[in-house]
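These are the residues of each chain, in order.
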Amino acid sequence: MALDKPYLDIPGTIIFDAEQSRKGYWLNQFCVSLMKAENRARFKADERAYLDEWPMTEEQKQAVLARDLNWCMRTGGNIYFLARIGATDGLSFQQMAGSMTGMSEQEYRDMMLGGGRSIEGNRYIGEDGDAQAHRQPQGAHHNKEA
């Protein structure tokens, strides 16, 4: 019996849950290996040969070779592990996040300094704008007496 996953109703969002963790285990272990300088050097010297040492799926290997972090996440990668690929390439987390949104680093920085993404187009799929306007995040409580 599959678990109820209401968070799958958020467009463009990949939640790293137990299923994603299992799917991406070896991809994430590969990323962890990049913490060691000698492994980073081996990876950079022959990326495909180094990836072939890991029991990852071919799709995961292709996603890494393409440096497509969104694709990596869809195949079970966790962004905090995947950040090691970017660091190996000399990229900042901000540069990586920009690449994931299709923005330049400067556009991404400006968006975040401007308050982040608009809610438009980023609501729950099953809710309309009016329902979303009245929805409180889980755990949010308002003190009406304050």
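- Per an unreviewed UniProt entry, the protein is named Protocatechuate 4,5-dioxygenase subunit alpha, and its organism is Allofranklinella schreckenbergeri.

Concerning the packing of helix H8 (residues 93–101) against helix H9 (residues 105–113)
Inference 1: Contact geometry for H8 and H9: axes closest at 8 Å, N-to-C directions at 95 degrees. The angle between H8 and H9 places the two elements in the roughly perpendicular class. Counted together, Gln94, Gln95, Ala97, Gly98 and Thr101 of H8 and Glu105, Tyr108 and Arg109 of H9 form the full contact between these two elements.
Inference 2: When grouped by side-chain class, the residues that make up the contact of H8 with H9 number two nonpolar, four polar and two charged.

Things to note about unusual backbone geometry
Inference 1: Positive phi outside glycine occurs at Arg67, with the angle close to 55 degrees.
Inference 2: For Arg67, the position within the fold is in the loop between helix H5 (58–66) and helix H6 (69–74).
Inference 3: Looking at Arg67, the relative accessible area reads 25%, which means it is partly exposed.

Details of the pattern of salt bridges
Any two side chains of opposite charge can pair if their charged atoms end up close together.
Inference 1: Within this structure, the stated rule accounts for eight salt bridges.
Inference 2: Here Lys44 makes a salt bridge to Asp89, at a shortest N to O gap of 2.7 Å. Of this pair, Lys44 sits in helix H3 (residues 37–45) while Asp89 is found in the loop between helix H7 (79–88) and H8, placing the two residues 45 residues apart along the sequence.
Inference 3: For Arg67, the salt bridge goes to Asp89, with nearest N and O atoms at 2.6 Å. Here Asp89 lies in the loop between H7 and H8 and Arg67 lies in the loop between H5 and H6, a separation of 22 residues in the sequence.
Inference 4: Note on Asp89: relative accessible area 28%, which makes it partly exposed.
Inference 5: Through salt bridges that share partners, Lys44, Glu47, Arg67 and Asp89 make up one connected network.

Remarks on helix H2 (residues 25–33)
Side chains that are three or four residues apart share a direction in an α-helix, a result of its 3.6 residues per turn.
Inference 1: Listed as buried for H2 are Leu27, Asn28, Phe30, Cys31 and Ser33.
Inference 2: Contact partners of the buried residues in H2: H3, helix H4 (47–51), H5, H6 and H7.

Details of the packing of aromatic side chains
Inference 1: What the rule picks out here adds up to eight aromatic pairs.
Inference 2: Note on Phe30 and Tyr50: the rings are 5.9 Å apart at their centroids and 55 degrees apart in plane angle, and the pair reads as tilted. Of the two residues, Phe30 sits in helix H2 while Tyr50 sits in helix H4, which places them 20 residues apart along the sequence.
Inference 3: Residue Tyr50 is classed as buried on the basis of its relative accessible area of 2%.
Inference 4: Each member of the aromatic cluster is reached from another via a ring pair, and the members are Tyr25, Trp26, Phe30, Phe43, Tyr50 and Trp54.

Digging into the state of the cysteines
Inference 1: Enumeration over the complete set of coordinates arrives at zero disulfides.
Inference 2: The thiol of Cys31 is not disulfide-bonded; the next cysteine sulfur, from Cys72, is found 6.9 Å away.
Inference 3: By relative accessible area, Cys31 is classed as buried at 0%.

What counts, and where the lines are drawn
- Residues numbered from 1 in each chain as written.
- Predicted model: local features only at pLDDT ≥ 70, side-chain atom pairs only at ≥ 80, totals over all residues.
- Heavy atoms only, no water.
- Axes fitted to C-alpha atoms, helices over the stretch in contact; angles between N-to-C directions.
- Helix = DSSP H or I, 4+ residues; strand = E, 2+ residues; numbered from the N terminus.
- Parallel < 35°, antiparallel > 145°, perpendicular 65-115°, else oblique.
- Contact = heavy atoms within 4.5 Å.
- Nonpolar A, V, L, I, M, F, W, Y, C, P; charged D, E, K, R; others polar.
- Buried < 20%, exposed > 50% of the residue type's maximum accessible area, 1.4 Å probe, protein only.
- Salt bridge = Lys/Arg side-chain N within 4 Å of Asp/Glu carboxyl O.
- Phe/Tyr/Trp six-rings, centres within 6.5 Å; stacked < 30°, edge-to-face > 60°.
- Disulfide = S-S within 2.5 Å.

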